[in-house]
Amino acid sequence: MRTVRALLALLLILLPFTAAGAAARPADPPGWTTAWATSPHPPSRAFVANWAQQGFANQTLRQVVRVSEGGLTTRVRLTNRYGAAPLTITGATIARTAGAGAIRPETLSPLTAGLSPTFEIAPGADLVTDPVALPLNAFDSITITLYFAAPTGPATQHAQAVATTYRAVGDHRADPTAAAFTETTPTWYYLAGVEVADLLPNPPAIVAFGDSITDGVGSTTDADNRFPDELAERLAAAGAPRAVLNQGIGGNRVTVDSDWLGESALHRFQRDVLDQPGVGTVIILEGANDIGLSAGAPNLGEPPVPVSADQLIAAHRELIARARAAGLRVIGATILPFGDSPYDSPEAEAKRLAVNEWIRTSGEYDAVVDTAAVLADPADPSRLNPAFDSGDRLHPNDAGFRAMAQAVDLADLR
């Protein structure tokens, strides 16, 4: 069966070649859907130690992602979105993951752009690789390996990947084992998405859009227990598998841009949601950081930017309008309790309650997921239920993310 799928994948790639012959770039197969995504942000300091600010030179990165949708052919969206200079990728490969930084060598394929194994990404730009005959099923893990011969400069990143990235000195893009990859960090670099195409279109994807709660901070590293992962698994178990894309950024705010917490939700919504191919629904869970960082965070170097409940509601209204204009169904999720966390204060709690009351009762969202009620401590609704708390009074644990996914009414998803 795997051989048949591989032959069909190759046929999908070869059919669109132009009459100019093998040297011509193939046209895209129809029906591309994003099967995995992350939200890039600037190469700045982060909550976790990483390599973004210094970048890479004569080094190989090996990065593992798990797709939530399958297809016959695969391509990777790479990004130099926050680079100050052109990024040269000397060589890249893709393969099925064997675990702990190793790959399955029989599945290894080069990643090319315009049929060239070496390619350049302009500063501020994304690049989609040529299609590869790598059939995938939902929940397959793939390993993307990038070799940089020349210095990259500071690297576009996604700091809190809750996944392990591996680094080696020299060119190890085709190594079957991880023996040369002696350094690790929990951050993705230069990755924006993985897209798949099939003979028939895939069902519409769902974007989970938000901050560190959506990003999965507090879940087990390399276990794929984030809220969007759990929702994708629940959909598959219900017989309705589809892609669920994680577009969360730790520390992100709806109304405020930050050099290291990412562009605001208002500024990144177009790129991270509306520009994703094949999306039908977006779930928005964001606002805790607007509230919690209103007084600033000197330990993080974030100045005070007061945000009122009314300002936050107005920003949510703008996101709703933009999603509807793009033909998407838009679902609002209530802001989780943060009592006894660094965000906690009477003023902050009053804002959270006001925004959540609007989300629940205004009718402006197409549907609501009351994540705050589901994860609240029954004895004190201003706090997370201890059974769902990762330990910082702010982020859920694996059980909490599972409960969030269970709270979604699958009938509300387009």
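Anything mentioned here points back to the structure above.
Residues numbered from 1 in each chain as written. Predicted model: local features only at pLDDT ≥ 70, side-chain atom pairs only at ≥ 80, totals over all residues. Heavy atoms only, no water.

## What about the sheet that holds strand β9 (residues 126–128)?
The four strands lie next to each other as β1-β15-β3-β9, forming an open sheet whose pairing is antiparallel. Of all strands in the sheet, those with a lone pairing partner are β1 (33–37) and β9, marking the two edges. Neighbour to neighbour, the strand axes of the sheet diverge by 25° on average, direction disregarded. Note: strand β3 (residues 73–79) against β9, three bridges, orientation antiparallel. (Pairing = 2+ DSSP bridges. Helix = DSSP H or I, 4+ residues; strand = E, 2+ residues; numbered from the N terminus. Axes fitted to C-alpha atoms, helices over the stretch in contact; angles between N-to-C directions.)

## Description of the sheet that holds strand β17 (residues 244–248)
Spatial strand order, β17-β16-β18-β19-β20: five strands in an open sheet with parallel pairing. Edge positions in the sheet fall to β17 and β20 (367–369), since each of these pairs with one other strand and no more. The sheet shows a mean angle of 25° between the axes of neighbouring strands, direction not considered. In this sheet, strand β19 (residues 329–333) lies alongside strand β18 (residues 279–285) in parallel orientation, the contact comprising four bridges. In the sheet register, Ile 283 faces β19, and the bridge partner there is Ile 331.

## Some points on the packing of helix α3 (residues 227–237) against helix α9 (residues 398–406)
Running from amino to carboxyl end, α3 crosses α9 at an angle of 50°, the nearest separation of the two axes being 8 Å. Considered as vectors, α3 and α9 are oriented oblique to each other. Of the two elements, α3 crosses α9, and the hand of that crossing is right-handed. Along the contact surface, α3 presents Phe 227, Glu 230, Leu 231 and Arg 234, while α9 presents Phe 401, Arg 402, Met 404, Ala 405 and Gln 406. In the contact of α3 with α9, the residues fall into five nonpolar, one polar and three charged. (Parallel < 35°, antiparallel > 145°, perpendicular 65-115°, else oblique. Left-handed = near helix turned anticlockwise from the far one by under 90°. Contact = heavy atoms within 4.5 Å. Nonpolar A, V, L, I, M, F, W, Y, C, P; charged D, E, K, R; others polar.)

## Some remarks on the packing of aromatic side chains
According to the stated counting rule, one finds 10 aromatic pairs in the structure shown. Ring centres 5.7 Å apart and planes at 20° place the aromatic pair Phe 56 and Phe 148 in the stacked group. Here Phe 56 is found in the loop between β1 and β2 (59–66), whereas its partner Phe 148 is found in strand β10 (residues 141–148), with 92 residues between them in sequence. The exposure class of Phe 148 is buried, given its relative accessible area of 0%. (Phe/Tyr/Trp six-rings, centres within 6.5 Å; stacked < 30°, edge-to-face > 60°. Buried < 20%, exposed > 50% of the residue type's maximum accessible area, 1.4 Å probe, protein only.)

## Thoughts on the pairing of β18
Burial analysis of β18 places seven of its seven residues in the buried class, which makes it a mostly covered element. Sheet topology places strand β16 (residues 205–210) next to β18; six bridges connect them, and they run parallel. Counterpart to Val 207 in the pairing with β18 is Val 282.

## A word on the nonpolar core
Core analysis: the biggest nonpolar cluster contains 42 residues, and Phe 209, Phe 269, Val 273, Val 282, Ile 284 and Leu 319 have the highest contact counts within it. When residues of this core are traced back to their parent elements, those giving at least two are β16, α4 (265–274), β18, α5 (288–292), α6 (309–325) and α7 (346–361). Examining the composition of this core, we find that seven residues originate from one element, α6, more than from any other. Residue contacts for Ile 284: discarding those within four places in its chain leaves Phe 209, Phe 269, His 316, Leu 319, Val 330, Ile 331, Gly 332, Ala 333 and Tyr 365. (Core = buried A, V, L, I, M, F, W, Y, C linked by side-chain atoms within 4.5 Å.)

## Topic: unusual backbone geometry
Positive phi, close to 75°, is recorded for Phe 139, a residue that is not glycine. Along the chain, the position of Phe 139 falls in the loop between β9 and β10. Its relative accessible area of 26% is what places Phe 139 among the partly exposed residues.

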